[in-house]
Structures are given as structure tokens and as C-alpha cells.
Amino acid sequence: MKTRMEHDLIGDKEIPNEVYYGVQTARAQENFHITGVLLSQFPTFIESLAKVKKATALANYNLGTLEENKKNAICSACDEIIAGSLHDQFVVDMIQGGAGTSINMNANEVIANRALEILGHAKGEYQYLHPNNDVNKSQSTNDSYPTAFRIALFEKLYELTDSMNVLRKAFANKAEEFKDVVKMGRTQLQDAVPMTLGQEFHSFATMIEEDIQRLVDAQQLVREMNLGATAIGTGINSHPAYAHEVELRLQEVTGRPFVTAKDLVEATQDTGAYVQISGVLKRVATKISKICNDLRLLSSGPRTGFNEINLPAMQPGSSIMPGKVNPVIPEVVNQVAFQVIGTDVTITMASEGGQLQLNVFEPVIAYNLFNSINMMKNAFETLAEKCVNGITANEERCKDLVLHSIGLVTALNPYIGYENSTNVAKEALDSGRSVYDIVLERKLLTKEELDDIIKPENMIKPRERK
């Protein structure tokens, strides 16, 4: 294998000539065998790093601090990466020490070496275009890494809300399909009052709709970036007009309304936006998990459970019990929720662990936020496509449970009074007979009156007494 010699603070190191990364990336490869999950597995983050480097090159050129040929080569290399090229060259573990320096240098070296090729030079000939002096010009890891992280997070939240909308629509469609299926509502796992299965599924759709808005609100927090802060927020080693110029160029490159923080010293150390977003993700995960609990309960059986709905049969459920089919899709979504909820603790502690002018723990925050979003996106689409869309209702079972439920007496309370209702409920419980039969036997209502009261449309919403 042909190699080239590169040099850094630690000394000389041979680098395979075929790779685009350089000496600092190679050292990070050796030092950080942590998760086995590499930057190359997060394409949105890679593309965001390239967008930052392109915006900074344009800003530096416009301010007269970067030559035109270097600007053109850097921008061309960045455009290739944004289009999906060279992603396999981003080889650093997602969790590493150094506040993201290894990831920043991975980007600087890949872009520099590809730009050198565009200029007609060999990889490693940094005297013509340098990873630090040119690609990283007017930057520090401490502002370029967080800015790229925020750009990627902004885009990933769009992906998540899109998948949530898919799931919301699936529940809304089922709500319409089940609007006339009367069933018993339950509180504390005990019979409560009648409702429709459509109302139940509509509530699921509404829960998801509310959380989509919470994510949209939280997404706005990452529009503020600290590019131009350089090391700690003072802007050392950059042009006086650089922060404003790079803000404009970043908006141009991304097509998104990113803005420069008013206080760059504060913005460089503050990771509160990530805590907020993680908290919203935990809220979403908690509520989706509750919905999955409900789907598992409602489909329990088929002979000894609620058996009000049928989930699509996806695979055999047991290696020993023939015919058993498990609610595997809600179960896997439950597990994703547990993971996201636990991850929130990691993100909270990483944010709290920052000291003075920098939080060095953004890599673990980024790794966990991206993982949570990716898992939730996949889980929600799976839940919609492989479960909710195929749910069917056991209408007769739902109706039978209503007619034989003690909870039916609540609907009769305004007509026969609390005392009569209590006595009917007690006899029904003691005898096992239906509320319907006991009310008729005691002549508390006529059959016509009783049938009118327990019509589905009369039990599921407020009604003015005749």
C-alpha cells in the first residue's frame, strides 16, 4: 500500500495514500474505540459539516482573507460531500474526547485533500491548501462543530415530525373508520362509561398532533448558532465583520434561517437547547409508549383478554405455543421509548458537565440525540405501516361488553336517579345479570326509553334530557 507522510504536534505518521483524511483523523481512529459507530453513519451531520466549511470559505473570500482559487476548490469539495460523496472517509467514532476536535479535523482534512486534487496537487501537499490554515480559517472546533450539529439537528427534526405525521394520519383514518363502533371506556382498568372506538383512536391522533407542535417549537431553539465565536466567543483570529458575513453565507448555503447568537461567549458554553429538545423527545416517547400499551391491552386475548381490536399478525409468537401471535410492533416501539427516555438522562448530565467557557461533552449529546431521532422516526413509520393501518375492530365484542357492563348504569343515572342506579349496579354485580334486564324487570324505564338512552349516539356525548 502506498503511503504519504504527514506531521502534527505529536510527530510524523504514515497515512495510506488512498484515503482523504489525514494525520489527526488517523490518531483519533487509534485513540477512540468506543461505540464502533462512526461519523460515516450520520450523513446529515457530515453534510452539515460541509455546509459550515463552504459558508466559512465564502465569507473569508468575501472579506479578502482567502484566495479565490482556494475558495473555489474548498467549495467544490464541500459540494461533492453535500451531494453524498466521500462519506466513507469520515471515520471517527461518534464519541470522542476533545469537544469534537477529531470530527472537525476529519472534515477539514477530507475537504483539504479533495480540494488539493481539484487544484491539481497530491493529497497531503498542504503547502498549497491547508486543513487548518485554509479549510478551518476563522474557526475553532468550538464554533464549527456546534454549528454543524445544530444544522443537522434542525434537519433531523423535520424528518421526525414527518414520520409523526404519518402515524397521526394512520390513527385519524382509523378514528373515522371506527366512529360508529361503541365500546366501554375504562378508568383504572375498571368499566367507566361508553364511548366509541373512533373517539379512542382520535385521541391518539390528537396526542401525536400536539407533540408535533412541541417539536416544531423546540426546533426553533437550534436556529441560533455561535459560528464566528472561534475559541470561546471573543472571535479571536477572525475578521471584525466575519460573524455577520458568515451568518449570511450560512443562510445562503443551507437555505435555512440560522442566526448568529447575540452573545457568542454565552452561546459557546450553553447547551440548554439540547436539553430542551431531549425533554420534548422524552415527552413524545412517553406518550407513544402509553398508546402502544393501550393497543396491546385492547388487542389482548384472543379468548381471555379485551379482544376489542385485532392487530395485524406479523410473525409467529412462540417457539413452544402453536398459534400464538404477539403484538410485536407495539412492543418494539415500547422499547424504543424506553431507550429514548433513558437517553434523556445522559444528555442532561452531559449538559450539566460543561465547565467555564465550553462544554466538551457535545459529542455524546450529538450521538444520543441523533440516535433517538433515528430510532423514533423508524419506530413511528413501522407502527403506522405494520400495525395501525391494518387494525380491525371486533364490533360485536365491543357491543357485548357495553351491554353487559356495570358501567352502563352511569348513562341511566340522570333518568332513574343515583339510588336506583346503585341498587341496579349492585344486583348486576351479585347476580351476573345485565343492567339492561334488571332495569326492565324493575320497570324503572320502558323498553323504548331504555333503548333510546343506550343508543350509541346518545351515550357518547352531552345530551339534553327530554
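Caption draft 1: Spatial organisation of the overall build of the chain. Looking only at helices and strands, the chain has 18 helices and eight strands in total. Relative to the compact-globule value of 23 Å for 466 residues, the chain shows a C-alpha radius of gyration of 30 Å, a clear excess of over 25%. Across its three principal directions, the C-alpha atoms of the chain cover 100 × 50 × 35 Å. For the chain, with 466 residues in total, the buried portion stands at 50%. The contacts of the chain with a sequence gap of at least 6 include a subset with a gap of at least 24, amounting to 71%. Of the roughly 21,400 Å² that the chain leaves accessible, carbon and sulfur atoms contribute 50%.

Caption draft 2: The arrangement of the packing of aromatic side chains in detail. One pass over the full model with this rule turns up twelve aromatic pairs. Seen in terms of ring centroids, Phe171 and Phe201 are 5.9 Å apart; in terms of plane orientation they differ by 50°. Their pairing is tilted. Of the two residues, Phe171 sits in helix H6 (residues 141-177) while Phe201 sits in helix H7 (residues 197-219), which places them 30 residues apart along the sequence. Through a chain of ring-to-ring contacts, three or more aromatic side chains come together here, namely Phe42, Phe45, Tyr145, Phe149, Tyr274 and Phe370. We note Lys123 situated over the ring of Tyr20; from NZ or CZ to the ring centre the distance is 4.5 Å.

Caption draft 3: Geometry of the pattern of salt bridges. Tallied over the entire structure, the rule returns 30 salt bridges. We note a salt bridge from Glu117 to Lys123, for which the minimum N-O separation is 3.1 Å. Here Lys377 ties to Glu381 by a salt bridge, and the two come within 3.3 Å at their closest N and O atoms. Residue Lys377 and its partner Glu381 are located together in helix H12 (residues 362-386), separated by four residues, close to a single helical turn.

Caption draft 4: Here's a closer look at a negative patch on the surface. A cluster of acidic residues, Asp180, Glu395, Glu396 and Asp400, forms a negative patch on the protein surface. Turning to its location among the elements, Asp400 is positioned in helix H13 (residues 395-403).

Caption draft 5: Looking closely at the nonpolar core. Of all hydrophobic cores here, the largest spans 111 residues; its most connected members are Phe45, Leu153, Phe171, Phe201 and Leu295. At 14 residues, the largest contribution of residues to this core is made by H6. Residues within four places of Phe45 in sequence aside, it is in contact with Leu39, Met94, Ile103, Tyr145, Ala148, Phe149, Ala152 and Phe370. Val182, Ile416, Ile438 and Ile453 belong to the second largest nonpolar core, which has 20 residues in total.

Caption draft 6: Main features of the side chain of Thr25. Among the secondary structure elements, Thr25 is positioned in helix H1 (residues 23-31). Within the structure, Thr25 has its side chain in polar contact with the side chain of Glu109 (distance 2.6 Å). The residues contacting Thr25, other than those within four sequence positions of it, are Val91, Val92, Met105, Asn106 and Glu109.

Caption draft 7: Geometry of helix H8 (residues 242-254). Across its 13 residues, H8 extends 18 Å between first and last C-alpha, which sits within 8% of the 18 Å expected from 1.5 Å per residue. Buried residues belonging to H8 abut helix H2 (43-62), H6, strand E5 (224-225) and strand E6 (259-260). Positive backbone phi, at 70°, marks Gly255, one or two positions downstream of H8.

Caption draft 8: Region of interest: the state of the cysteines. Evaluated as defined, the whole model comprises zero disulfides. Lacking any disulfide linkage, Cys292 is separated from the closest cysteine sulfur, that of Cys387, by 7.3 Å. There is no disulfide at Cys398, and the cysteine sulfur nearest it, in Cys387, is 16 Å away.

Caption draft 9: Inspection of the pairing of strand E1 (residues 3-8) at higher detail. Alternating positions in E1 separate cleanly, Arg4, Glu6 and Asp8 being buried on one face and Thr3, Met5 and His7 remaining unburied on the opposite face. Here E1 pairs with strand E2 (residues 11-16) via six bridges, running antiparallel. Across the sheet, residue Met5 finds its bridge partner in E2, namely Glu14. Two successive antiparallel strands, E1 and E2, enclose a turn made up of two residues.

Caption draft 10: Representation of the environment of Cys387. Considering the arrangement of structural elements, one finds Cys387 in the loop between H12 and strand E8 (392-393). Residue Cys387 is classed as buried on the basis of its relative accessible area, which comes to 1%. C-alpha of Cys387 to C-alpha of Pro327: the two residues are 60 residues apart in sequence and 8.8 Å apart in space. With near-sequence residues (within four places) excluded, Cys387 lies in contact with Leu295, Leu311, Pro312, Ile329, Pro330 and Thr382.

Quick notes on the rules
Residues numbered from 1 in each chain as written. Predicted model: local features only at pLDDT ≥ 70, side-chain atom pairs only at ≥ 80, totals over all residues. Heavy atoms only, no water. Helix = DSSP H or I, 4+ residues; strand = E, 2+ residues; numbered from the N terminus. Rg over C-alpha atoms; globule rule 2.2 N^0.38 Å. Buried < 20%, exposed > 50% of the residue type's maximum accessible area, 1.4 Å probe, protein only. Contact = heavy atoms within 4.5 Å. Areas by Shrake-Rupley, 256 points an atom, 1.4 Å probe, with all protein chains shown as cover. Phe/Tyr/Trp six-rings, centres within 6.5 Å; stacked < 30°, edge-to-face > 60°. Lys NZ or Arg CZ within 6 Å of the ring centre and 35° of its normal. Salt bridge = Lys/Arg side-chain N within 4 Å of Asp/Glu carboxyl O. Patch = residues over 30% accessible without salt bridge, like charges linked within 9 Å, V, L, I, M, F, W, Y side chains within 5 Å. Lys, Arg positive; Asp, Glu negative; His and termini not counted. Charge placed at Lys NZ, Arg CZ, Asp CG, Glu CD. Core = buried A, V, L, I, M, F, W, Y, C linked by side-chain atoms within 4.5 Å. Polar contact = N/O pair within 3.5 Å; in protein donor to acceptor, adjacent residues only side chain to side chain. Expected span 1.5 Å × (residues − 1). Disulfide = S-S within 2.5 Å. Pairing = 2+ DSSP bridges.

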